[in-house]
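Observations on the model geometry
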Amino acid sequence: TYFLRENTALDAEASRRASTIYLVQKAIPMLPPLLSESLCSLNPHVDRLAFSCIFHLDSKGNFSNRRPTWFGRTIIHSK
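Let me sum up the structure you'll find in this document. Sequence order as written defines the numbering, with residues in each chain counted from 1. Side-chain atom pairs in this predicted model are given and counted only at pLDDT of 80 or more, local residue features only at pLDDT of at least 70, and totals for whole chains, interfaces and linings cover all residues. Side-chain numbers here rest on the full set of heavy atoms in the structure, without hydrogens or water.

With that settled, the discussion passes to a nonpolar patch on the surface. A cluster of nonpolar side chains, contributed by Ile21, Leu23 and Ile28, occupies part of the molecular surface with about 240 Å² of accessible area. Along the chain, leucine 23 turns up in the loop between β1 (21–22) and β2 (27–28). Judged by its relative accessible area of 48%, leucine 23 falls in the partly exposed class. Each patch groups residues whose relative accessible area exceeds 30% and which form no salt bridge, using 9 Å between like charges and 5 Å between nonpolar side chains of Val, Leu, Ile, Met, Phe, Trp and Tyr. Exposure was quantified through the Shrake-Rupley algorithm and a 1.4 Å probe, taking into account, for residues, occlusion by the shown protein chains and nothing else. Any carboxyl oxygen of Asp or Glu within 4 Å of a side-chain nitrogen of Lys or Arg constitutes a salt bridge here. Each helix is a run of H or I in the DSSP string that is no shorter than four residues. Each strand is a run of E no shorter than two, and both are numbered from the N terminus. For the exposure calls, accessible area comes from a 1.4 Å probe over protein chains only, and a residue counts as buried if that area is under 20% of its type's maximum, exposed if over 50%, partly exposed in between.

Turning our eyes to something else, we now look at the environment of leucine 4. Locating leucine 4 in the fold gives a position in the segment before α1 (9–17). Remark: the alpha-carbon pair of leucine 4 and alanine 14, spanning ten residues in sequence, is separated by 9.3 Å. Residue contacts are counted whenever heavy atoms from the two residues lie within 4.5 Å of one another. If near-sequence neighbours (up to four positions away) are discounted, leucine 4 is found in contact with Leu10, Asp11, Ala14 and Leu31.

Within the secondary structure, serine 38 is located in helix α2 (residues 33–39). What makes serine 38 partly exposed here is its relative accessible area of 29%. Residues in contact with serine 38, not counting those within four places in the same chain, are Pro33, Asn43 and Arg48.

Quick look at the structure:
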């Protein structure tokens, strides 16, 4: 990924953890706090660069062929 280089100690640790673990009173993040709580987090009123997939579903939840699926770079702005 952009923030994590392959085949590093951090990559190995993130792979071992697989995802952030949420407990009743605490979370054990997959990545260090600077990444998991700031740079890679969707914080309110902060733009984040993303790679998005836009697709359309019909009323039965199937992929619709009426509009093409789109992949591209986007900006996410949380409120």
